Amino acid sequence: MKELLESIHDKARNAHVPIMKDDGMDLLCAFIEEHTEIRDILECGTAVGYSSMRMASIRWDMTVDTLEVMPAMYAQAVKNIEDAGLSDQIHCYLCDAAEFVTKKQYDLIFIDAAKSQYRRYMEHFWKNSRIGTYFIFDNLNFHGIVDNESLSGNRSTIQMVHKIKKFREHLLNDRRLETTYYGDRGDGIAIAKKVKEI
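Here is what the cut-offs are and how they apply
Per-chain numbering applies: the sequence of each chain, read as written, is numbered from 1 onward. Reporting of local features is limited, given that this is a predicted model, to residues whose pLDDT is at least 70; pairs of side-chain atoms are given and counted only at 80 or more, and all residues count toward the totals for whole chains, interfaces and linings. Based on all heavy atoms of the structure, the side-chain values leave hydrogens and waters out of the count. Put plainly, a pocket is an open set of points on a 1 Å grid over the protein atoms alone with protein on both sides within 12 Å along at least five of seven lines, a cavity is a set where a 1.4 Å probe fits but cannot get out, and a lining residue has an atom within 4 Å of a point. Grid points are joined across faces, edges and corners, and a volume is the space filled by probe spheres set on the points. Secondary structure elements are taken from DSSP: a helix is a run of H or I of four residues or more, a strand is a run of E of two residues or more, and numbering for both begins at the N terminus. The classification used treats Ala, Val, Leu, Ile, Met, Phe, Trp, Tyr, Cys and Pro as nonpolar, Asp, Glu, Lys and Arg as charged, and all other residues, Gly among them, as polar. In this analysis, two residues are considered to be in contact whenever any of their non-hydrogen atoms come within 4.5 Å of each other. In these notes, a set of buried Ala, Val, Leu, Ile, Met, Phe, Trp, Tyr and Cys residues joined through side-chain atoms within 4.5 Å is what counts as a nonpolar core. Accessible area is worked out with a 1.4 Å probe on protein chains only. A residue is then buried under 20% of its type maximum, exposed over 50%, and partly exposed in between. Expected helix span is given by 1.5 Å per residue-to-residue step, counting one fewer step than there are residues. Within this analysis, the arc is defined by the directions that extend from the helix axis to the C-beta atoms. Note on pairing: two strands pair once DSSP finds at least 2 bridges between them. For helices, the fitted line uses only the C-alpha atoms of the stretch in contact; every axis is such a line through C-alpha atoms, and the angle between N-to-C directions lies from 0 to 180 degrees.

Trainee: Please give an account of the layout of surface pockets that cites residues and values.
Mentor: Estimated volume of the largest pocket: approximately 570 Å³. Every residue lining the largest pocket is counted, 29 residues in all, and those nearest its centre are Pro18, Ala47, Asp112, Ala113 and Lys115. Sorting the residues of the lining of the largest pocket by element identifies strand S1 (40-44), helix H3 (50-56) and strand S2 (63-68) as the ones contributing at least two each. Taken together, the residues of the lining of the largest pocket break down into 16 nonpolar, 5 polar and 8 charged.

Written as structure tokens, this is what we have:
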């Protein structure tokens, strides 16, 4: 398993597939290891399945529902998950996260898909969380551009980081959540625990 995960990781990096930075992935996995009540996970943004495989490998009874909008990524993820023998634990769905509907309740909802849609995704899956559910968000720094727009001259990127910054501020002030922001881990990671329903 370790060799397969390393191979998937290296191929993804070489092909510029958007997988988590290594220290961010380590933070996510360590958090799940520490919180043994986490069993059922929803992931928005499968890419090639690397993060869902890392999470599912933590404990034998972990389940991950993972959502991917890109058909080629989805197909590669399904193959990688099958090769790892994790198809019983990880269930892939080809769809936009905002269109995925389930009655399932999750212990952890990991959002790492379209950055400008983070708040939409969080509110969409609010009904699939309970008091104590964790929401985790990656890329809240977006390569440092959120806090230093001069790092990009791209207009659409600047518009997107404005949305990320607004969401980050909302997250830290949302009284339904207790949020810890790790600006120096991964690409800026927030871990938010649901403490109120409304």
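Trainee: Quick one: what's the story with the environment of leucine 140, residue by residue and with numbers?
Mentor: Here leucine 140 shows up in the loop between strand S5 (134-137) and helix H6 (155-173). For the pair leucine 140 and tyrosine 182, spaced 42 residues apart in sequence, the C-alpha to C-alpha distance is 9.2 Å. Dropping the residues within four chain positions of it, leucine 140 is found in contact with Tyr118, Val146, Ile164, Phe167, Arg168, Leu171, Tyr181, Asp187, Gly188 and Ala190.

Trainee: So what's going on with the nonpolar core? Which residues, and what values?
Mentor: Ranked by internal contacts, the top residues of the largest apolar core, which has 34 residues, are Leu28 and Ile32. Of all the secondary-structure elements, those providing two or more residues to this core are helix H1 (2-14), helix H2 (22-34), H3, strand S3 (90-94), strand S4 (108-111), S5 and strand S7 (189-194). By residue number, the principal contributor to this core is H2, which donates 6 residues. Residues Ala113, Phe137, Leu177 and Ala192 belong to the second largest nonpolar core, which totals 30 residues.

Trainee: Which residues make up H1, and what are the values?
Mentor: Because the α-helix completes a turn every 3.6 residues, residues three or four places apart line up on one side. Taking 1.5 Å of rise per residue, the 13 residues of H1 would be expected to cover 18 Å, and the 18 Å separating its terminal C-alpha atoms lies within 8% of that figure. Residues of H1 that are buried include every one of Leu5, Ile8, His9 and Ala12, and no others. Looking straight down H1, one finds its buried side chains confined to an arc of 100°; they lie on one side. Exposed side chains of H1 directed beyond 90 degrees from the buried face belong to Glu3, Lys11 and Asn14.

Trainee: Can you lay out the sheet that holds S3 for me, pointing to particular residues and giving the numbers?
Mentor: Pairing is mixed in the open sheet, where 7 strands are placed in the order S3-S2-S1-S4-S5-S7-S6. With one partner strand each, in any of the chains shown, S3 and strand S6 (177-182) form the two edges of the open sheet. Across the sheet, the mean angle separating the axes of adjacent strands is 15° when strand polarity is ignored. In this structure, S5 lies alongside S7, joined through 4 bridges in antiparallel fashion. Within S7, the residue paired with phenylalanine 135 across the bridge is alanine 192. In the packing of helix H4 (residues 71-83) onto the sheet, the strands contacted are S2 and S3, and the crossing angle to S3 comes to about 165°. Docked against the sheet, H6 engages S5, S6 and S7, running at close to 130° with respect to S6.

Trainee: So what's going on with unusual backbone geometry? Which residues, and what values?
Mentor: Despite not being glycine, alanine 47 has its phi angle at roughly 55°, a positive value. Along the chain, the position of alanine 47 falls in the loop between S1 and H3. The phi angle at asparagine 139 is positive, at roughly 70°, despite the residue not being glycine. Residue classification places asparagine 139 among the buried positions, given a relative accessible area of 11%.

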